[in-house]
Amino acid sequence: MDHEEREMILEIFPGTPPELLPIGEILYYRDEEGRVIIQEKGPPELRLTLEPLPGTLGSPQVCEACHRHLSGSALGFFRHPVGGRETHLRYLVLCLDTGSCASHAEPERLREILLRGILT
């Protein structure tokens, strides 16, 4: 969707919740500290940071973002507080190589993970 379309909707309907806006540009990457970032360019700009958990997965699993079945060494456990509450955590299995994962993940799925983390 075009960035201007989101701006126009927000100008006419300023209280529109993010889940009702057309999907914006989704960024999905790991930062220098190993955290996974899912960000939707705004307005409004939405961002979710997932912390890596130590250890490795022993058996093959399915990545929550790209839905590929991969070996445990290619995946990692990540967590984030849900809705900003530090006591309510959500755990996800995601690819360690976010570049490859992003090329297979649907933007709608990444947005769903993002919105579930910040709005629920």
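Residues numbered from 1 in each chain as written. Predicted model: local features only at pLDDT ≥ 70, side-chain atom pairs only at ≥ 80, totals over all residues. Heavy atoms only, no water.

**Digging into the side chain of Arg-109**
1) Next: Among the structural elements, Arg-109 can be located in helix 3 (residues 107-119).
2) Next: You can call Arg-109 buried: its relative accessible area is 13%.
3) Next: Beyond its immediate chain neighbours, meaning those up to four positions away, Arg-109 contacts Glu-64, Ala-65 and His-67. (Helix = DSSP H or I, 4+ residues; strand = E, 2+ residues; numbered from the N terminus. Buried < 20%, exposed > 50% of the residue type's maximum accessible area, 1.4 Å probe, protein only. Contact = heavy atoms within 4.5 Å.)

**A few points about the nonpolar core**
1) Next: Core analysis: the largest hydrophobic core is formed by 23 residues, its most contacted members being Tyr-28, Ile-38, Leu-50, Cys-63, Ala-65 and Leu-94.
2) Next: Residue assignment for this core shows that the elements contributing at least two residues are strand 1 (26-30), strand 2 (36-40), strand 3 (46-52), strand 6 (75-82), strand 7 (85-95) and helix 3.
3) Next: The residues touching Leu-50, leaving out its near neighbours within four places in the chain, are Arg-35, Val-36, Ile-38, Phe-78, Arg-79, His-80, Leu-92 and Leu-94. (Core = buried A, V, L, I, M, F, W, Y, C linked by side-chain atoms within 4.5 Å.)

**Thoughts on the pairing of strand 1**
1) Next: As paired strands, strand 1 and strand 2 are joined by five bridges and run antiparallel to one another. What sits directly across from Leu-27, in strand 2, is Gln-39.
2) Next: Remark: five residues form the turn of the hairpin made by strand 1 and strand 2, two consecutive strands paired antiparallel; Gly-34 in that turn has positive phi of roughly 90°. (Pairing = 2+ DSSP bridges.)

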